[in-house]
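Architecture at a glance
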Amino acid sequence: MSLVTLSDVLQPALKQGHAVAGLVTLGWEDMRAYVAAAEAENVPVILQAGPSCREHTPLPVLGKMFTHLAEGASVPVVAHLDHGYTAEECRIAIDSGFSSVMFDGSRKPLAENIAETAAIVEMAHAAGVSCEGEIGFVGYSGGENSDGTNPEEAAHFARETSVDAMAISVGNVHLQQDKEGGLDEPRIRAIEALTEVPLVIHGGSGVPVAQRTSLARGSKICKFNIGTELRMAFGNAMRDAVNADPTRFDRVQILKDTHDPLVTVTRTVLRAFKGA
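Along each chain, residue indices are assigned from 1 in the same order as the chain's sequence is written. This being a predicted model, a pLDDT of at least 70 is required before a residue's local features are given, and a value of 80 or more before pairs of side-chain atoms are given or counted; all residues contribute to the totals for chains, interfaces and linings. Values shown for side chains rest on all heavy atoms present in the structure; no hydrogens or waters enter the calculation.

1. Looking at the side chain of Ser-96
The topology assignment puts Ser-96 in the loop between helix H5 (87-95) and strand E5 (100-103). In this structure Ser-96 comes out as buried when scored by relative accessible area, which is 15%. A polar contact is formed between the side chain of Ser-96 and the backbone oxygen of Ile-92, at a distance of 2.7 Å. Discounting chain neighbours no more than four positions away, the residues touching Ser-96 are Leu-59, Pro-60, Gly-63 and Lys-64. Each helix is a run of H or I in the DSSP string that is no shorter than four residues. Each strand is a run of E no shorter than two, and both are numbered from the N terminus. Accessible area is worked out with a 1.4 Å probe on protein chains only. A residue is then buried under 20% of its type maximum, exposed over 50%, and partly exposed in between. Counted as a polar contact is a pair of N or O atoms within 3.5 Å, where, for protein atoms, one must be capable of donating a hydrogen and the other of accepting one, and residues adjacent in sequence contribute only when both atoms are in side chains. Throughout, a residue-residue contact means that at least one pair of heavy atoms, one from each residue, lies within 4.5 Å.

2. Points about H5
Those residues of H5 lying buried are Cys-90, Ala-93 and Ile-94. Looking straight down H5, one finds its buried side chains confined to an arc of 100°; they lie on one side. Where the residues of H5 are buried, they touch helix H4 (59-72), strand E4 (77-84), E5 and helix H6 (110-126). Backbone geometry just downstream of H5 places Gly-97 in the positive-phi region, at approximately 100°. Here the arc refers to the directions that run from the helix axis out to each C-beta atom.

3. Here we look at the pairing of strand E3 (residues 45-49)
Working note: regular strand, side chains alternate between the two faces of the sheet. Burial runs high along E3: five of the five residues are buried. Taking every second residue as pointing to the same face, both faces of E3 are buried, with Val-45, Leu-47 and Ala-49 on one and Ile-46 and Gln-48 on the other. Here, any two strands with at least 2 DSSP bridges between them count as paired. When strand E2 (residues 20-25) meets E3, the two strands line up parallel, connected through four bridges. Its bridge partner lying in E3, Leu-23 is registered against Leu-47. Orient the strands so they point away from the viewer, and a crossover whose first-strand-to-second-strand path over the helix runs clockwise is right-handed. Tracing the backbone out of E2, into helix H2 (residues 28-41) and back to the parallel element E3 gives a crossover that is right-handed. Taken together, the five bridges between E3 and E4 define a ladder with parallel strand orientation. Residue pairing for E4: Val-45 is matched across the bridge by Val-77.

4. Topic: the packing of helix H10 (residues 228-244) against helix H12 (residues 259-271)
With their axes 9 Å apart at the nearest point, H10 and H12 run at an angle of 160° to one another. Here H10 is positioned roughly antiparallel relative to H12, judged by the angle of their axes. Of the two possible hands of crossing, H10 and H12 adopt the one that is right-handed. Here Glu-229, Leu-230, Ala-233, Phe-234 and Ala-237 of H10 lie close against H12, whose contacting residues are Pro-261, Leu-262, Val-265, Thr-266 and Val-269. Note on method: axes are straight lines fitted to C-alpha atoms, helices fitted across the in-contact stretch only, with angles between N-to-C directions ranging 0 to 180 degrees. Note on terminology: angles under 35 degrees are roughly parallel, angles over 145 are roughly antiparallel, angles of 65 to 115 are roughly perpendicular, and the others are oblique. Should the near helix be turned counterclockwise from the far one by less than a right angle, the crossing is left-handed, whereas a clockwise turn marks it as right-handed.

5. Details of the pairing of strand E9 (residues 221-226)
Along E9, six of the six residues are buried, which leaves the element largely enclosed by surrounding structure. With four bridges joining them, E2 and E9 adopt parallel strand pairing. Paired with Ala-21 across the two strands is Phe-224, which belongs to E9. Sheet topology note: the strand E8 (residues 199-201)/E9 ladder contains three bridges and is parallel. Bridge pairing links Val-200 to Lys-223 in E9. Regarding the hand of the β-α-β motif, the stretch spanning E8, helix H9 (residues 209-218) and E9 is right-handed.

Below, the structure written as structure tokens:
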């Protein structure tokens, strides 16, 4: 069985100079392709169930899907709750077999975020599960604006919560479809100078690939969440599959045609996070 915790993959990444991809899943087709890509590249992978995924499929079902894939995988697989907004949601994920949870209290005042995150860390650690927290707020393309992470507040947050990984806001944006942004490296250096916790970038699809690689190899950023660019690849592959034969209606046959193209794109994403 290859189900592991977030700490199991991020601590080696921190020490060895690479990063691990947190791949945002929406269903069986993409999560299966992500594991196949990770096996082909011989790297660990973090399968993430975010809010939109959970709207479509209940957490207990997702837990079984993730753990089934992990049991048959030749590489370490983390079953991760992405953007859990309540303690109850995190508890259900833990009870459903997830090996890692992320509590997102980033919209809350600092003291409240620390108190609630610390309580969830305690619950997760008691169950042998890792916990990621977020300090600063990562906004959305075309939506809420970001609130950059204050380095001193980040150090305080990490110390008081005992999180296993800390998501930070350093110019990253969720749902960005191009790679024309780029992260605020001076702010990253200021944060990592004050903490030893592995750092996480949400909205990784908007980060230029060269910067992903340089930070994976030369900073404490050990996890990049990638969703939008893989959703775009899946959508394009499904559109091609449908358009290739307008008379075809069996969705199993249509969805099968998305597998190989998605594996190919995912392998390219994973390579950028490897060590030197």
